[in-house]
Structures are given as structure tokens and as C-alpha cells.
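Here is what each chain is made of, one letter per residue.
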Amino acid sequence: MTKSPTVRLLLGLLITLAAVTGFSSYALEQLSGLRKLQTQTIDLNRHDSLLLLQVESDVNTIGLKLRDMTQMPQTSGIGEFRNEFARLRADLEGAIQKDARFAPATRRAEDQAALADSLNQFWRTSDQVFNRASTGHERAARALVSTQLSKEQSILANRVSALLERNNESEERADMKVASIYAGVERDIYAFWLATMVAIVVTSLYLIYSNRRIFEKLESLSRQRRVLAARMITVQEEVLRSVSRELHDEFGQILTAVGAMLGRAERKGVPADSPLRVELSEVRQITHNTLEKMRSLSQMLHPSVIDDYGLAEGIEWYAQVFQRQTGIETTTKVSGNAVRITGQPAIHCFRIVQEALNNAAKHSGTKRAEVEMTFSADKLTVEVRDFGCGIAPARRPGKSGLGLIAMRERAELLSGSLNVSSVPNEGTTVSVIMPLQQEDHAPEALEDENIGELVIREL
Ligand SMILES: Nc1ncnc2c1ncn2[C@@H]1O[C@H](COP(=O)(O)OP(=O)(O)O)[C@@H](O)[C@H]1O
Ligand SMILES: [Mg+2]
């Protein structure tokens, strides 16, 4: 028995589906990693860098102001810068607070704290500068500016630019990571595509291979079945033929001889009014009837009329027998140039007609049947029609009984075709088409002795 490929194919399908699902979730995971990187690192970094740039610009402005303070003429006081410093302080602190909120995950806490410390330190010193200036110690204030405050400003500027630098570095690292994720996903897509192609090709090849094996197996089984059916039908026909011949030749001879002997005994030496003579006559009558029955049985088993006169005559003879036996009015019609068909093909065709008529009698309830034979140049079509109930759909050929199946087998043996059409309550038509060969085109009416054995196709 060929193993069904279904389990393997289902397994292949399952593996492919699992691979597709696995790869899709992998791709989705990579995408969400990318999105996380984008929102949590790159976007945050950019926003933070913008704030740091604002801080840097404020720190630079402060640097310029400090230079102005140290270079301004002695006549002006440092106190003039107080308001401007207050505005810059508010701006700067606002920016630093925002920056602390948007600081990227990569920012180190100590860097943030160091920036806050240096800023606080700067403002403390600047407060000292303005206090000294307001208490009239202008000189000391200027000295504090040029020594300590300028230094603290440059520390502040360095811290800010270091933070900017770090942001840039982390942005570069994130960019590289994004590029590597893209490259990895791209490489995996190619690998997945290749693996899927291989899986599809392997599965398809396997499917084609197993289909071919199944078809070969089917083909061989169907061949075996045809050969077996042909053998069975041939053997059956041989048996019927030999039983028929045996009945006709052996028992027919015996019964004929018994009948003749009884006749002679009747006539010889038995007085006409003797009861023995009456009994002898009755026995002779019984013998005669038995002989008749046996002959008709022999004909039914294998109609020698086909061998002697051909298929058309055989069918006409059977139609009469059928009408007599069943009471169904059966007409036959021959059209076209009838040729004499004998041998196995004639027997097969005859058996099909026999089965179709028997089915009509058994199943259709018809009162009338028609058999029509149409000869054409290369084929003979025989149609058997009844006007009964028709074949119920559930009992179409092949669904029950062996008669219709055997008809098909015989039609196949004829290299012909069989068609059964049926209309409910209108009747059934069985039509068989058998091909004729050129040598079969001898007129049916020719003398038997001159015809010899015409065989359409010996099987
Ligand atoms: N001429 C017909 N009219 C009605 N029914 C039919 C006719 N021929 C066949 N059938 C239906 O088809 C079935 C199959 O026929 P067949 O194969 O010859 O088997 P069987 O005659 O042994 O039942 C029959 O049982 C019958 O129901
Ligand atoms: Mg039948």
C-alpha cells in the first residue's frame, strides 16, 4: 500500500507556518526595538541637545558680559549688569530644569549634578560680585569677576559642551545601532526568503513525486481491474458456452434418442387401447417438452443464433423470447447497412442488450420496450429504451447491483462506450456504441456458409 503523503504535507505546512510566524514576530520585535531606540534615545538626545545649545548660548552671553564688566571704564558701575544677569539667570535656570527633565537615559547622574553644582557656584559668586559692587567695593567686585567668576563661567561652559559632546556620541552610537539592526533584519530577510523558497520547492517536488506515484498506482490498479474484469467475463462466457453446448449436444441427443425409442415402443406391439400405450405417449410428451425447455435454456446460456446469423438476428430473436417471457411488448428496428457481427464482440453487445431488457422488466414497470440498431460506416449503435419509472438517482450506475457495472466493462472490452440516461417516470435509455472495422462490412443477408467466421475484434 502506498503511504499517504497527507501527514508529511501537513507537517511541512505546519513547519512553514511556524517559520513565518516566528520570523514575523522576530521582525516585529526588531521594529519595536528600533522604535524604542528612536523615541528613547535619538529623539530625546536631539531635544536635549537643543536645550543644551540654548544653555551654551546663555553661558557664552554671560562670558561676553563678564568681559564687558572687566573692560568697562571705571566711571560705570558693575551694578548696571544686575538686571541683565537676573534675566540670563532665569533663562538659564529654566533651560537647565527642562534639560534635567529631558535628559537622555545615557546621561550620567554625576554629570548632571556637576552641572548643577557649577551653576550654583557661579550664581553664588555673581551674587557676591553684585553685593560688593552695591556696597561700594567696585574694585573688589571687578577683581572677583576677573579672577573667580570668569573661571567659573569657563568651567560652566566646559561642562555644557562636555554634555553636548556626550549627547553627540550617544546619538552616533544609536545611529550605528539602528544601522546594525537594519543590516541584521535585511540579512535575516534574505535568509528567511531562501529558506522559504527551499521549503516550498522541496514540498512541491515531494507533492509532485507522491502525486505521480499515486497516479501510477491508480493506473496500474485500473489496468489490473480491467484485465481481471475481461478475464472474468471471458471465462464466464466460455463456461456458459460449454454448458450450453453440453446441454444441446449431449443431453439433447439423449432426449431425442429416448423420444424416438418411446415412439417406436408405442407403435410396436402395444395395442392402441392399452393403458401402457397412453402412459408411453405421456412419457414421450414429457420427454419432448423437456427437450424443448433444454434447447431454450441452452439458447439462453449461449445463443447459437449469434454464431450462426450474427448479432442483429440474435437481438431480434431475444426480443421475441423476452416479449414471450415477460409480456412486455418489444419491438426491434434496424437501420443503416447491417453487417454480420459474430464472435466475442457480438456476445458482449448481446449481453448488454439482454441486461438492459432484463432491468427494464425487473425495475421499470414498463409495458413496452424498443431496441434500435443503427449501423454506420464505422460503428454500430444499439439503443434499448423502456418507458418505465426511470432509475432513481441514488441507484445510478455503480451505486448498486453489478448489472450496470458489467455493461460498462463489456462496452470497454468492445472499445466502445455505454451511456445510460434516465428521466423519472419517462423511462430509461441504454445506448452502446461499438466500433466496426473495415473487414466487418459484409452484408448481414449473405449465406452463412459463404461468410465464414467474421470476427470484429478478438479480445
Ligand atoms: N430500466 C431501469 N428502470 C428503472 N430502474 C433501473 C433500470 N435499470 C436499472 N435500474 C436501477 O438500477 C439498479 C442497478 O441495476 P443493476 O446494476 O442492473 O443491478 P440489479 O439489476 O442487480 O439490481 C437497479 O437495482 C435498479 O434500481
Ligand atoms: Mg440488473
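Computed from a predicted model, the values in this text were never measured in an experiment. (Residues numbered from 1 in each chain as written. Chains lettered and ligands numbered in written order. Predicted model: local features only at pLDDT ≥ 70, side-chain atom pairs only at ≥ 80, totals over all residues.)

Asker: Now, about the sheet that holds strand β2 (residues 368-375): what can you tell me, with residues and values included?
Answerer: Spatial strand order, β1-β2-β3-β5-β4: 5 strands in an open sheet with mixed pairing. In this open sheet, the two edge strands, each paired with only one partner strand, are β1 (329-335) and β4 (417-423). Averaged over all pairs of adjacent strands, the angle between their axes in this sheet comes to 10°, without regard to strand direction. Pairing of β4 with strand β5 (residues 427-435) involves 7 bridges; the strand directions are antiparallel. Pairing of S421 across the sheet is with T429, part of β5. Strands β4 and β5 of the sheet are contacted by helix α9 (residues 403-413), whose axis makes an angle of about 145° with β4. (Pairing = 2+ DSSP bridges. Helix = DSSP H or I, 4+ residues; strand = E, 2+ residues; numbered from the N terminus. Axes fitted to C-alpha atoms, helices over the stretch in contact; angles between N-to-C directions. Contact = placed C-beta atoms within 7 Å.)

Asker: Tell me what's going on with the site of ligand 1, and back it up with residues and numbers.
Answerer: The local shell around ligand 1 holds 17 residues, among which N359, H363, S364, G401 and G403 are the closest. In terms of residue count, the dominant contributor to the shell around ligand 1 is helix α8 (residues 343-364) (5 residues). Residues of the shell around ligand 1, tallied by class, amount to 5 nonpolar, 9 polar and 3 charged. (Near = placed C-beta within 6 Å. Nonpolar A, V, L, I, M, F, W, Y, C, P; charged D, E, K, R; others polar.)

Asker: Give me the lowdown on helix α4 (residues 138-267), citing residues and values where you can.
Answerer: Between its first and last C-alpha, α4 extends 183 Å over 130 residues, near the 194 Å set by a 1.5 Å rise per residue. The largest bend in α4 comes to about 40°, at V145. Backbone geometry just after α4 places G269 at a positive phi near 65°. (Expected span 1.5 Å × (residues − 1). Bend = angle between axes of the 7 residues up to and from the residue.)

Asker: Describe the domain arrangement of the chain, listing the residues and the values that go with them.
Answerer: We note that the domain assignment places domain 1 (6-207) and domain 2 (305-451) within the chain. Using C-alpha coordinates to define each centre, domain 1 is positioned 99 Å away from domain 2. (Domains from an automatic or database assignment.)

Asker: I'd like a rundown of the pairing of β5, residues and numbers included.
Answerer: As judged from the 8 bridges shared by strand β3 (residues 379-386) and β5, these two strands associate in the antiparallel manner. Across the sheet, residue D386 finds its bridge partner in β5, namely T428.

Asker: Can you tell me about the packing of helix α7 (residues 311-326) against α8, naming the residues and giving the values?
Answerer: Between α7 and α8, the least distance of the axes is 10 Å, while the angle of their chain directions is 20°. In terms of orientation, α7 lies roughly parallel with respect to α8. As α7 runs across α8, the sense of the crossing is right-handed. In contact with L311, G314, I315, Y318, F322 and T326 of α7, α8 contributes A346, C349, F350, V353, Q354, L357 and A361. Classifying every residue of the contact of α7 with α8 by side-chain character gives 10 nonpolar, 3 polar and no charged. (Parallel < 35°, antiparallel > 145°, perpendicular 65-115°, else oblique. Left-handed = near helix turned anticlockwise from the far one by under 90°.)

Asker: Break down helix α3 (residues 109-134) for me, citing the residues and quoting the values.
Answerer: Relative to the 38 Å expected for 26 residues at 1.5 Å per residue, α3 spans 37 Å between its end C-alpha atoms, a close match to the ideal helical length. Positive phi shows up at G136, right after α3, with a value of about 90°.

Asker: Could you give an account of the environment of T326, naming the residues involved and the relevant values?
Answerer: Secondary-structure assignment places T326 in helix α7. T326 gets classed as partly exposed once you count the C-beta atoms within 10 Å, which come to 17. Separated by 32 residues in the primary sequence, T326 and N358 place their C-alpha atoms 9.3 Å from one another. (Buried ≥ 20, exposed ≤ 12 C-beta atoms within 10 Å, placed from the backbone.)

Asker: So what's going on with the confidence of the model for the chain? Residues and values would help.
Answerer: The share of residues in the chain with pLDDT of 70 or more is 93%, and the mean pLDDT across the chain is 86. Note that residues 444-459 has pLDDT below 50 and, in this model, 34 contacts with residues that lie over four places away or in other chains. (pLDDT = per-residue confidence, 0-100.)

Asker: Report on unusual backbone geometry, specifying residues and quantitative values.
Answerer: Phi is positive for S415, which is not a glycine, with a value near 60°. At N425, a position not held by glycine, the phi torsion is positive, near 65°. Note that N425 resides in the loop between β4 and β5. Exposure remark for N425: the 8 C-beta atoms within 10 Å place this residue in the exposed category.

Asker: So what about the pairing of β3? Which residues, and what values?
Answerer: Burial of the side chains of β3 is restricted to one face: L380, V382, V384 and D386 are buried, whereas none of K379, T381, E383 and R385 on the reverse face is. With antiparallel pairing between neighbouring strands as the criterion, β2 and β3 make up a hairpin whose turn holds 3 residues.

Asker: Which residues make up the environment of S274, and what values do they have?
Answerer: Considering the arrangement of structural elements, one finds S274 in the loop between α4 and α5 (275-301). Each C-alpha atom, one on S274 and one on S161, is 156 Å from the other, the two residues being 113 residues apart in sequence.

Asker: Which residues make up the nonpolar core, and what are the values?
Answerer: Among the nonpolar cores identified, the biggest contains 35 residues, and I315, C349 and V353 are the most heavily contacted of them. Secondary-structure elements contributing two or more residues to this core are α7, α8, β2, β3, α9 and β5. Looking at this core, the element that brings in the most residues is α8, giving 9 residues. Beyond its immediate stretch of four places on either side in the chain, C349 contacts L311, V382, L414, V432 and M434. Core analysis: the second largest hydrophobic core is formed by 24 residues, L51, A141, L149 and L163 among them. (Core = buried A, V, L, I, M, F, W, Y, C linked by C-beta atoms within 7 Å.)

Asker: An account of the packing of helix α2 (residues 82-102) against α3 is needed here, citing residue identities and associated values.
Answerer: Direction vectors running N to C along α2 and α3 enclose 170°, while the axes themselves pass 12 Å from each other. Relative to α3, the element α2 is oriented roughly antiparallel. Contacts between α2 and α3 pair R82, F85, R89, I96 and A100 from the former with Q112, L119, W123, S126 and F130 from the latter. The class makeup of the residues in the contact of α2 with α3 is 6 nonpolar, 2 polar and 2 charged.

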